[in-house]
Amino acid sequence: METATSTTALVTGASSGIGKAIALRLAADGFKILVHCNKGLERAEAVRQEILAAGGKAEVVQFDVADKEAIEAALNAYFDAHKDEHLDVLINNAGIHSDTLLGVMTDEAFDSVMKTNAYGAFYLMRWTVRRMLRRRRGSIVNMASLAGQTGNPGQFNYAASKAALIAMTKTLAMEIGSRGIRVNAVAPGFIETEMIQTIPGLEEFKKRIPLGRFGTAQEVAGVVSFLCSKDAAYMTGTTLSVNGGLYPA
Ligand SMILES: NC(=O)c1ccc[n+]([C@@H]2O[C@H](COP(=O)([O-])OP(=O)(O)OC[C@H]3O[C@@H](n4cnc5c(N)ncnc54)[C@H](OP(=O)(O)O)[C@@H]3O)[C@@H](O)[C@H]2O)c1
């Protein structure tokens, strides 16, 4: 029962953009939401208030996803204090980009993107799966990207981190499918959030999109909602593209 009110969904990077839309959508679906943030504590609290105002349930959790000890400390503390709650859904959405061509890319730019996007998801999946295995149920959704499917000039580090997420998704799905836990990914194209505002030549990309527009965070959230629902009970290891037809997968 992945949509029962007794189940909890952790949405990382839920203080803004796509993560916020996912948090609001899964709350409407009946999950109690752990609204995760790092620097955006006030914005995360506003998301929590919005969920409560709509009749849902939510708490805020704060940690840097690149910090393994911080993740374990925060989640152990939360679930030790809420022993009746079970983490049945994990949405690995937190992510950053630091774009430049490979020839001038610093170690720091590569490390920070890999640490946040790939290691962060690794740490969180490992922590979560250990718990889900005990209950033999759960659903994980990783926020990949079109860049991870196709590559993208200027995003060597980001594309590598998102391709890693797709490979992690397939592998973990194979490892734990027999235990009733599903693992899927979503690969958005261009979605109207703060993240894409700094991409050079953005309007040029729009001309190449068959549907003729950028996507919305809510459209990504709808696909995540589906993957966490019973309607997707026979889906695992897949990556669903949400890209307006830019790259038919
Ligand atoms: N927008 C697009 O077109 C697009 C396309 C493909 C994929 N994506 C992916 O979708 C996800 C969300 O993107 P978005 O557009 O919604 O971006 P966004 O508005 O910039 O949100 C990014 C979120 O990630 C969190 N975050 C960043 N670094 C973190 C860290 N070290 N520890 C914990 N949380 C951290 C931020 O939290 P705080 O603000 O609280 O620090 C923020 O909530 C990302 O994984 C991105 O790669 C986006």
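All values derive from a computational prediction rather than experimental measurement.

Conventions and cut-offs
Residues numbered from 1 in each chain as written. Predicted model: local features only at pLDDT ≥ 70, side-chain atom pairs only at ≥ 80, totals over all residues. pLDDT = per-residue confidence, 0-100. Contact = placed C-beta atoms within 7 Å. Pairing = 2+ DSSP bridges. Helix = DSSP H or I, 4+ residues; strand = E, 2+ residues; numbered from the N terminus. Axes fitted to C-alpha atoms, helices over the stretch in contact; angles between N-to-C directions. Buried ≥ 20, exposed ≤ 12 C-beta atoms within 10 Å, placed from the backbone. Right-handed = clockwise from strand over helix to strand, strands pointing away.

A. Inspection of the confidence of the model for the chain at higher detail. Summing up the model confidence of the chain, the mean pLDDT is 95 and the portion of residues at 70 or higher is 97%. Below pLDDT 50 for its whole length, residues 1-5 participates in 13 contacts with residues either more than four positions away or in separate chains.

B. Spotlight on the sheet that holds strand S6 (residues 181-188). Strand order across the open sheet formed by 7 strands is S3-S2-S1-S4-S5-S6-S7, with parallel pairing between neighbours. Two strands bound the open sheet, and with one partner strand each, they are strand S3 (57-62) and strand S7 (239-242). Strand-to-strand twist across the sheet, computed as the mean angle between neighbouring axes with direction ignored, equals 20°. As judged from the 4 bridges shared by strand S1 (residues 7-11) and strand S2 (residues 32-37), these two strands associate in the parallel manner. The residue of S2 that forms the bridge with Leu 10 is Leu 34. This element, helix H2 (residues 41-53), spans S2 and S3 of the sheet and lies at about 170° to S3.

C. Layout of the pairing of S2. S2 sits mainly inside the fold: 6 of its 6 residues count as buried. Burial of the side chains of S2 extends over both faces: Lys 32, Leu 34 and His 36 are buried on one face and Ile 33, Val 35 and Cys 37 on the other. The handedness of the S1 to S2 crossover, carried by helix H1 (residues 17-29), is right-handed.

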